[in-house]
Each structure stands twice: as C-alpha cells, then as structure tokens.
Amino acid sequence: MTKSSNKVSRREQILQALAHMLEVAPGARITTAALAREVGVSEAALYRHFPSKSKMFEGLLEFIEETIFSRVTLILAEPNPALEKCNKILLLLLSFTERNPGITRLLTGDALTGETERLRARVVQFFERLETQIKQILREAEVREGLRPIIPVTAAANLLLVTAEGKIAQFVRSEFKRGPTQLWEEQWPVLVSGFFQQVPVALNQAN
C-alpha cells in the first residue's frame, strides 16, 4: 500500500469515527482528544489529516453532498413523471439520513452548535440546492406533462422539501428511534393529492 493510500485510509477512518461518535453520543460535545482515542491515534495524527474539527465536519458534509447530488443527477435524467422524480429525491434524502444517523445531526444543525458560520451556511446551501432541483422538476412538468402545481412553484417545492426536513428533524429529536422513511409510503400520496392542475391546452401549446 502506498503512502498516499495510507493517508486516504486514515482520513476515512477519522471521518467514520466522528460519524459514529455523533450517533452514539447525541448532545455530547465531541473533542479532538476523544476522537483521537476513538480512532486509536494521537491528536497530532488527527491534525496531520485535518487542521481542525471544523474541517472534519466539512469532510462529512462533502460526503453528504457527493452522495446525494450524484444520485439526484441520475434521477433527473430518468424519463419519469415529475411527481415520481420528486418522490425519488425525497426518499433518497430520507433513506440516506436513516442509514447515517450521526451525520444527520449535521443536517439539522444539532451537532454544529458552537461551530463556524461557514459550516451552517454550507448546510443551508445543501437544502437550497435540493429545493432548486425540485423546482426545476416542477417547472418542467408544465412543458413535459401539461401540469402545473396548484400553488406557485416556489411554494410547492418548499412544501415538499420541508415535509422531508420535518421527518429528519423528528428522527434526530427521537434519538434515532423514529426513522424518517417510516410511514412515508402512506404519507406521500396524501401530500401530493391534488398537487397539480392541468394546464389549459392553448396556454400549454403557446409555451
């Protein structure tokens, strides 16, 4: 194994240990000393890979972004109806958080108390980006399917996303007992019942 691959392996090990500590000790303050003990290295060894704890959190946020948005890109490319695409994106988010409870504390801000504003801003941008993708799908529905939300697109996209965000917040608040995908199969059809209205043919053709 090369030296560089050792660095990558240790970096991933540190991030995995941090995610584990976020999961098993909700509400507890994680220190670099405790993290070093969890990994089985010295604090100096941690700092060789990450100059600060904030950078470790950034590493976890990068993992979230890369995982979610690489799959969102695939969903957007599929020839499915708009509501199916929206459901897939939200279910992707809910399933990811359910499988990664510790990391989910970053998305709710629960683990970022006292951390830099840059980290909180990055989480805001993550959800704004997701909302933008949903808005894009809803706008395309008018052209592709002759359908338009019964409320403005911005409000419609926000409604879908905040419903998922609420389930994620409940997951963290329950100390990971109430999974975010729980009851989603029953809730989704009710949430989107009457969501769209048919665009008048003449207007749709004009657009």
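The rules behind the values
- Per chain, the residues get numbers from 1 upward, laid out in the order the sequence is written.
- Two thresholds apply to this predicted model, a pLDDT of at least 70 for residue-level local features and 80 or more for giving and counting side-chain atom pairs, whereas whole-chain, interface and lining totals are computed over all residues.
- Remark: hydrogens and water are excluded; side-chain values derive from all non-hydrogen atoms of the structure.
- Comment: elements are numbered from the N terminus, with helices defined as DSSP H or I runs of at least four residues and strands as E runs of at least two.
- Throughout this description, buried means an accessible area under 20% of the type-specific maximum (1.4 Å probe, protein chains only), exposed means over 50%, and partly exposed covers the range between.
- In this description, contact between two residues means that some pair of their heavy atoms is separated by no more than 4.5 Å.
- All accessible-area figures derive from a Shrake-Rupley calculation using a 1.4 Å probe, and residue coverage is judged against the displayed protein chains alone.
- In this tally, Lys and Arg are treated as positive and Asp and Glu as negative; His is ignored, and so are the chain termini.
- We put the charge of a Lys on NZ, of an Arg on CZ, of an Asp on CG and of a Glu on CD.
- Only buried Ala, Val, Leu, Ile, Met, Phe, Trp, Tyr and Cys residues count toward a nonpolar core, and they belong to the same one when joined by side-chain atoms within 4.5 Å.
- pLDDT is a per-residue confidence score from the predictor, ranging from 0 to 100.
- Think of a 1 Å grid over the protein atoms and nothing else: a 1.4 Å probe that fits but is trapped marks a cavity, an open set flanked by protein within 12 Å on at least five of seven lines marks a pocket, and residues with an atom within 4 Å of a point count as lining.
- Grid points are joined across faces, edges and corners, and a volume is the space filled by probe spheres set on the points.
- Lines fitted to C-alpha atoms define the axes here, with helix axes fitted over just the stretch in contact, and angles between the N-to-C directions of these axes take values from 0 to 180 degrees.
- Roughly parallel means an angle under 35 degrees; roughly antiparallel means over 145; roughly perpendicular covers 65 to 115; every other angle is labelled oblique.
- Just so you know the grouping, Ala, Val, Leu, Ile, Met, Phe, Trp, Tyr, Cys and Pro go in nonpolar, Asp, Glu, Lys and Arg go in charged, and all remaining residues, Gly too, go in polar.
- Crossing handedness is defined as follows: a turn of the near helix away from the far one that is anticlockwise and smaller than a right angle gives a left-handed crossing, while the clockwise case is right-handed.

Here we look at the overall build of the protein
Secondary structure summary: the protein contains ten helices and two strands in total. Across its three principal directions, the C-alpha atoms of the protein cover 70 × 40 × 30 Å. Expressed as a percentage of its 207 residues, the buried residues of the protein come to 44%. Sequence separation of 24 or more characterises 71% of the internal contacts of the protein that already satisfy a separation of 6 or more. Element-wise, carbon and sulfur atoms account for 52% of the exposed surface of the protein, whose accessible area totals about 11,100 Å². Each charge class in the protein can be summarised by its mean position, and for the 26 positive and 23 negative side chains these summaries are 5 Å apart.

Brief notes about the nonpolar core
Judged by nonpolar contacts, the single largest core of 60 residues is most densely connected at Leu35, Leu60, Phe126, Leu130 and Leu138. In this structure Leu60 touches Leu15, Leu18, Ala19, Leu22, Ile103 and Leu106, once residues within four positions along its chain are discounted.

Notes on the confidence of the model for the protein
Looking at the protein as a whole, the pLDDT averages 89, with 92% of positions reaching at least 70. Segment residues 1-8: pLDDT under 50, and two contacts once partners within four positions in sequence are set aside and those in other chains are kept. Contacts from residues 202-207, a stretch scored under 50 in pLDDT, to residues over four places away or in other chains number six contacts.

Some remarks on the layout of surface pockets
The volume enclosed by the largest pocket comes to roughly 330 Å³. Every residue lining the largest pocket is counted, 18 residues in all, and those nearest its centre are Glu12, Leu15, Gln16, Leu60 and Phe63. Counting only elements with at least two residues in the lining of the largest pocket, the list comes to α1 (3-24), α4 (53-77) and α6 (101-107). It is α1 that provides the largest number of residues to the lining of the largest pocket, a total of eight residues.

What about the side chain of Glu58?
Mapped onto the elements, Glu58 comes out in helix α4. Beyond its immediate chain neighbours, meaning those up to four positions away, Glu58 contacts Arg118, Leu119 and Arg122.

So, the packing of α4 against helix α7 (residues 117-145)
When two helices pack together, their arrangement is given by the angle between the helix axes and by the axis-to-axis distance. At a minimum axis distance of 10 Å, the contact between α4 and α7 shows a crossing angle of 5°. Accordingly, the angle class assigned to the pair α4 and α7 is roughly parallel. From α4, Ser54, Lys55, Phe57, Glu58, Leu61, Glu62, Ile64, Glu65, Ile68, Phe69, Val72 and Leu76 reach across to α7, where they touch Arg118, Leu119, Arg122, Val123, Phe126, Arg129, Leu130, Gln133 and Ile137. A class-by-class count of the residues in the contact of α4 with α7 yields twelve nonpolar, two polar and seven charged.

Re the packing of α4 against helix α5 (residues 82-99)
One can describe the packing of α4 onto α5 by two numbers: an axis separation of 10 Å at closest approach and a directional angle of 155°. By the angle between their axes, α4 is roughly antiparallel relative to α5. Handedness of the crossing formed by α4 with α5: right-handed. Every residue of α5 that contacts α4 at Phe63, Ile64, Thr67, Ile68, Arg71, Val72, Ile75 and Leu76 is listed here: Lys85, Lys88, Ile89, Leu92, Leu93, Phe96 and Arg99. In terms of residue class, the contact of α4 with α5 is made up of ten nonpolar, one polar and four charged.

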